[in-house]
Amino acid sequence: MKHSLIQSTAMWTINHFPSAMRSLSPSTRAKAIEIANHLLEQGRLDKQNVVSISVDQARRWARYEREWPITNGQLYA
């Protein structure tokens, strides 16, 4: 049985996410999950880098939320 790339790649949710995101506020964690899933879909980075980048970008988003909104079409890395 063949699996698609998305099925074989761990996609995170608000209930299932990397432990590095545990200390983030719920809204920042949701943004980190969104970013991480987008990066995973691109398939160019390993999971450790995906988590690191997504947490960093989500924290930046939380700091400048009103000035720097992230949309689904924006590239994260």
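Residues numbered from 1 in each chain as written. Predicted model: local features only at pLDDT ≥ 70, side-chain atom pairs only at ≥ 80, totals over all residues. Heavy atoms only, no water.

**Quick notes on the pattern of salt bridges**
Under the definition given, this model contains two salt bridges. Notably, a salt bridge pairs Glu34 with Lys31, separated by 3.0 Å at the nearest N-O pair. Here the residue Glu34 and the residue Lys31 both occupy positions in helix α2 (residues 26–42), the gap between them amounting to three residues, near one helical turn. We classify Glu34 as partly exposed; its relative accessible area is 25%. (Salt bridge = Lys/Arg side-chain N within 4 Å of Asp/Glu carboxyl O. Helix = DSSP H or I, 4+ residues; strand = E, 2+ residues; numbered from the N terminus. Buried < 20%, exposed > 50% of the residue type's maximum accessible area, 1.4 Å probe, protein only.)

**Regarding α2**
Taking 1.5 Å as the rise per residue, α2 with 17 residues should run 24 Å; its terminal C-alpha atoms sit 24 Å apart, in good agreement. Of the positions making up α2, those classed as buried are Thr28, Arg29, Lys31, Ala32, Ile33, Ile35, Ala36, Asn37, His38, Leu39 and Leu40. Two residues or fewer past α2, Gly43 is found with a positive phi of approximately 70 degrees. (Expected span 1.5 Å × (residues − 1).)

**A few points about the environment of Ala62**
Residue placement: Ala62 occurs in helix α3 (residues 47–63). Looking at Ala62, the relative accessible area reads 34%, which means it is partly exposed. Along the primary structure Ala62 and Leu24 are separated by 38 residues, whereas in three dimensions their C-alpha atoms are 9.9 Å apart.

Such coordinate-based values are descriptive only and should not be taken to indicate function.
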